[in-house]
Amino acid sequence: MSIANNLASIKATIPQGVCLVAVSKTKPQAAIIEAYEAGQRVFGENKAQELQEKAEALPKDIEWHMIGHLQRNKVKYIAPHVSLIHSVDSLRLLEEIDKRARQNKRTIPVLLQCYIAKEESKYGLDEIELDELLNSTSYRNLKNIEVHGLMGMATNTDNQLTVRKEFEHLKTIFENTKRNHFAQIESFNTISMGMSGDYQLAIETGSTMVRIGSSIFGARNY
Ligand SMILES: *Cc1c(COP(=O)(O)O)cnc(C)c1O
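In this report, we go over the structure that sits alongside the text. (Residues numbered from 1 in each chain as written. Predicted model: local features only at pLDDT ≥ 70, side-chain atom pairs only at ≥ 80, totals over all residues. Heavy atoms only, no water.)

### Overview of the nonpolar core
- Judged by nonpolar contacts, the single largest core of 62 residues is most densely connected at Ile14, Ile85, Ile97, Tyr139, Leu150 and Ile216.
- For this core, the element with the highest residue contribution is helix α8 (residues 160-181), accounting for five residues.
- Among residues more than four places away in sequence, those in contact with Tyr139 are Leu91, Leu94, Leu133, Leu134, Ile145, Val147 and Phe182.
- Core analysis: the next-biggest nonpolar cluster, separate from the first, contains six residues, Leu84, Leu111, Met151 and Met209 among them. (Core = buried A, V, L, I, M, F, W, Y, C linked by side-chain atoms within 4.5 Å. Buried < 20%, exposed > 50% of the residue type's maximum accessible area, 1.4 Å probe, protein only. Helix = DSSP H or I, 4+ residues; strand = E, 2+ residues; numbered from the N terminus. Contact = heavy atoms within 4.5 Å.)

Laid out in structure tokens, this is it:
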């Protein structure tokens, strides 16, 4: 199957209103061009310098999403290029993104990453930390970031019930957060959840943005 064919068959299963992020991490520019020529414009990367290199080399109408864990000292590489950062998991990181956005005379949209899985290895805020962040004065003073929603990753398991419960949990956190902090703010509208193995379940439980890599580009060899 070609990348264009893979994209077409995935798109056929995704309803209107759900954004498809094609996760191109580790993949060569030629693979991204192939997806681009098939009409795909939103791509996800998980390493800051790789995102920077690809953004500088590839067509300017591509939207680059940072989906991987982001260290503060790497924000500067992506600040001019990124259209959404999915993986914000601390106030200090958010402050650095705000600073780099200001230096680039722009606003950077972000998602706050929530911890919903049963795996220690996964990053993210729990619901209490999320509330604390959004209630803090430091957060309120940030002018160059805009929080567009939440992101989460389910446990890597074949147990569909576990994954479903975790996605439903994120949806509940989203609704609470919307009500308590963003009630009048239309741009807080994104739930980024679902990958190649679980995106259909994610869509059933309220995802508005899926991040799909291997089903489009094939398996990654790290
Ligand atoms: C790699 C990655 C994906 C895509 O995973 P696939 O299983 O290849 O679809 C999605 N989200 C994040 C955060 C990732 O790092």
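### Comments concerning helix α6 (residues 127-135)
- Along α6, the positions that sit buried rather than exposed are Leu130, Leu133 and Leu134. Buried residues in α6, looked at end-on, bunch into an arc of 90 degrees, giving them a common side. Those residues of α6 that are exposed and angled more than 90 degrees off the buried face are Ile128 and Glu132.
- Looking at the packing, one finds that the buried side of α6 touches α5 (91-103), β5 (108-114), α7 (137-140), β6 (145-152) and α8.
- Here α6 starts with a cap whose side-chain oxygen sits 3.1 Å from the backbone nitrogen of Ile128, and that cap is Asp126. (Arc of directions from axis to C-beta. Polar contact = N/O pair within 3.5 Å; in protein donor to acceptor, adjacent residues only side chain to side chain.)

### Focus on helix α1 (residues 3-11)
- Along α1, the positions that sit buried rather than exposed are Ile3, Asn6, Leu7 and Ile10. Down the axis of α1, the buried set is contained in an arc of 100 degrees. They therefore lie on one face.
- Along its buried surface, α1 packs onto β1 (19-23), α2 (29-37), α9 (199-204), β8 (209-212) and α10 (214-217).

### As for the packing of α6 against α8
- One way to put it is that α6 packs onto α8 with a least axis distance of 11 Å and a crossing angle of 25 degrees. With respect to α8, the axis of α6 lies roughly parallel. Two packed elements cross with a definite hand, and for α6 against α8 that hand is right-handed. Mapping the contact onto sequence places Glu127, Leu130, Asp131, Leu134 and Asn135 in α6 and Ile173, Asn176, Thr177 and His181 in α8.
- Considering only residue class, the contact of α6 with α8 consists of three nonpolar, four polar and two charged. (Axes fitted to C-alpha atoms, helices over the stretch in contact; angles between N-to-C directions. Parallel < 35°, antiparallel > 145°, perpendicular 65-115°, else oblique. Left-handed = near helix turned anticlockwise from the far one by under 90°. Nonpolar A, V, L, I, M, F, W, Y, C, P; charged D, E, K, R; others polar.)

### Considering the pairing of strand β4 (residues 82-88)
- For β4, a buried count of six out of seven residues is recorded, marking the element as mostly surrounded by other parts of the structure.
- Sheet analysis places strand β3 (residues 63-66) next to β4, joined by three bridges and oriented parallel. Note that in β4 the partner of Trp64 across the bridge is Val82.
- Here two bridges tie β4 to β5, and the two strands are oriented parallel to one another. Paired with Ile85 across the two strands is Val110, which belongs to β5.
- Handedness of the β4-α5-β5 crossover: right-handed. (Pairing = 2+ DSSP bridges. Right-handed = clockwise from strand over helix to strand, strands pointing away.)

### Points about the site of the ligand
- Every residue close to the ligand is listed here: Val23, Lys25, Ile67, Met153, Met195, Ser196, Arg211, Ile212, Gly213, Ser214 and Arg220.
- Ser196 is positioned with one of its side-chain polar atoms (N or O) 2.5 Å from an oxygen atom of the ligand.
- One of the side-chain nitrogen or oxygen atoms of Arg211 is found 2.8 Å away from a nitrogen atom of the ligand.
- Within the shell around the ligand, the residues separate by chemical class into five nonpolar, three polar and three charged. (Near = heavy atom within 4 Å.)

### Remarks on the environment of Gln103
- Within the secondary structure, Gln103 is located in helix α5.
- Given the relative accessible area of 48%, Gln103 is considered partly exposed.
- Residues Gln103 and Pro80, 23 residues apart in the sequence, show an inter-C-alpha distance of 9.2 Å.
- A polar side-chain atom of Gln103 sits 3.0 Å from a polar atom in the side chain of Arg100.

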